[in-house]
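Spelled out from the first residue to the last, the chains are:
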Amino acid sequence: MNEHISRAIAERIDDLVALTVDLIRFPTVNPPGEGYTPCTEYIANRLKKQGFQTTLIRGEDTPGDNDRYPRTNVIARYEGRRPGPTVHFNSHIDVVEAGAGWTVDPFAGVVRDGKVYGRGACDMKGGLAASIIAAEAFIAVNPDFSGAIEISGTVDEESGGFGGVAYLAQKGFFSKPRVDHVIIPEPLNKDRICLGHRGVWWAEIETKGSIAHGSMPFLGDSAIRHMGAVLHAFEEELFPALDAKQTRMPVVPEGARRSTLNLNSVHGGQTEDYFPGLPSPNVPDSCRLVIDRRFLIEEDISEVRNEVVRILERLKRERPKFDYAIRDLMEVLPLMTESDAPVPTAIARGIREVFGKEPEYVISPGTYDQKHISRIGHLHDCVAYGPGILDLAHRPDEWVGIDDMVESAKVMAIGLDVLLKGAAKAA
Ligand SMILES: [Zn+2]
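Residues numbered from 1 in each chain as written. Predicted model: local features only at pLDDT ≥ 70, side-chain atom pairs only at ≥ 80, totals over all residues.

## Side note on the domain arrangement of the protein
Heads up, the condition is: The start and end points of each domain follow an automatic or database-based domain assignment. C-beta atoms are placed from the backbone for every residue, and two residues are taken to be in contact when these atoms lie within 7 Å. Helix and strand definitions here come from DSSP, where helices need a minimum of 4 consecutive H or I residues and strands a minimum of 2 consecutive E residues; each element is numbered from the N-terminal end. Basically, the charged four are Asp, Glu, Lys and Arg, the nonpolar ten are Ala, Val, Leu, Ile, Met, Phe, Trp, Tyr, Cys and Pro, and anything else, Gly included, counts as polar.
Each domain of the protein was delimited in the assignment, giving domain 1 (3–197 + 334–426) and domain 2 (199–332). Here domain 1 and domain 2 have C-alpha centroids that lie 38 Å from each other. With eight residues of domain 1 at the contact, the number on the domain 2 side is 12 residues. Take the side of domain 1 that touches domain 2: its biggest share by element is three residues, from strand S14 (residues 360–364). Taken together, the residues that form the side of domain 1 that touches domain 2 break down as six nonpolar, one polar and one charged.

## Some words on unusual backbone geometry
Note that the residue after Asn30, namely Pro31, is joined by a cis bond; omega there is -10°. Cis geometry marks the peptide bond from Lys176 to Pro177; its omega dihedral reads 5°. Look at Lys321: it is not a glycine, yet its phi comes out positive at around 65°. If you trace the backbone, Lys321 turns up in the loop between helix H7 (301–318) and strand S12 (324–332).

## Quick word on the sheet that holds S12
Which entries qualify depends on this criterion: DSSP bridges decide pairing: two strands pair if at least two such bridges lie between them. Orientation is described by lines fitted to C-alpha atoms, with helices fitted over the stretch in contact, and by angles between N-to-C directions that extend from 0 to 180 degrees.
One open sheet holds the four strands; their spatial order is S10-S11-S9-S12, and the pairing between them is antiparallel. Strands at the two margins of the open sheet, each flanked by one partner only, are strand S10 (260–268) and S12. Taking each pair of neighbouring strands and ignoring which way they run, the sheet shows an average axis angle of 15°. Taken together, the eight bridges between strand S9 (residues 199–208) and S12 define a ladder with antiparallel strand orientation. Each bridged residue has a counterpart across the sheet, and for Glu204 the counterpart in S12 is Arg327. The sheet strands contacting helix H6 (residues 223–243) are S9, S10 and strand S11 (286–295), and the helix crosses S10 at an angle near 175°.

## Comments concerning the sheet that holds strand S16 (residues 399–401)
On the basis of which strands lie adjacent, the open sheet formed by three strands has the order S4-S5-S16 and antiparallel pairing. Here the strands that pair on one side only, and so sit at the sheet edges, are strand S4 (111–112) and S16. Strands S4, strand S5 (115–117) and S16 of the sheet are contacted by helix H2 (residues 13–25), whose axis makes an angle of about 15° with S5.

Okay, here's the thing in structure tokens:
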């Protein structure tokens, strides 16, 4: 292993723990988006002292942005001595609400038995701290490196990333020539490299009926019964068909290595809001179903949509008075960076050197900010790699292991060495 890097990180362990604790103490809960400005100012002040140029950028007019809860992001950049490629570490600073069931204060940053506890410890302030220490250690050991290192702390990943990475990508912060390589230190376990995610299609299906008195339903037409026919057809045809679609994507957990469909919600009938607890006395003239379809790299988005539309069209032919509308709510294409691209190659070298074994390549069942970097920034050399156990994210007594942060910081610093010093040699 690179002895100088290893020593430089070992010297910074106390700093790494203190930094993680400080970050957890900002209760950056989203929603509503609490404390983004003080947290990003703290990150900027720290990196400024290390020679980074820092900028705070507010995601103006993005969902949730207002003067009480500004969507403040930070980007810090350190220029090497000569021109070269830029490696960017992107971490989200927002965390989900603490929820019940904690045995420690979720925003105190309790350190105990080799772990740092707190909301966001694992997802993903531990990863952010590890990437900062990795960059600082790399710069100390290689003051002559070519290229640049960027570190960002961005908002709203937990709610779609619109005021964070998506906004910054629209402004050109995640595109060439400014940035070449991106590492997102999400908690995917220290010996795994996450190459991307499955695709998403959210849609709303509405069945229509006609209103009538509930005592004479034969005079109307029940939209809920029509929706029942849709759900029945899904059970009989769609779910078995999706179950049978296997993928070459190494999705974890393994249950997600196929197409899936979640029925998010069903809303039917007239509102009960006016007289709480009292049902509406009418035949329902509308029923809406929201679906969340996760699809594979082998599937085409138009076919994903068509297999639902075909069922609805068939019902329209076969079922008297059946009528429907379908509305797309969101679509994200599946992503998979090739494992021999520069970033996964560099991180794999780090994992081999630190752990003496081959990395495990994985794909996330759900999306994260890589989607914006790829789709808006058109930057495809990107992976998620960071410390922390994914299963602990969003749970009570969330923690990150200090050894895990130290080891993954070494992997990240070796990754920088491969991407920046390797580039200098090639140049
Ligand atoms: Zn996360």
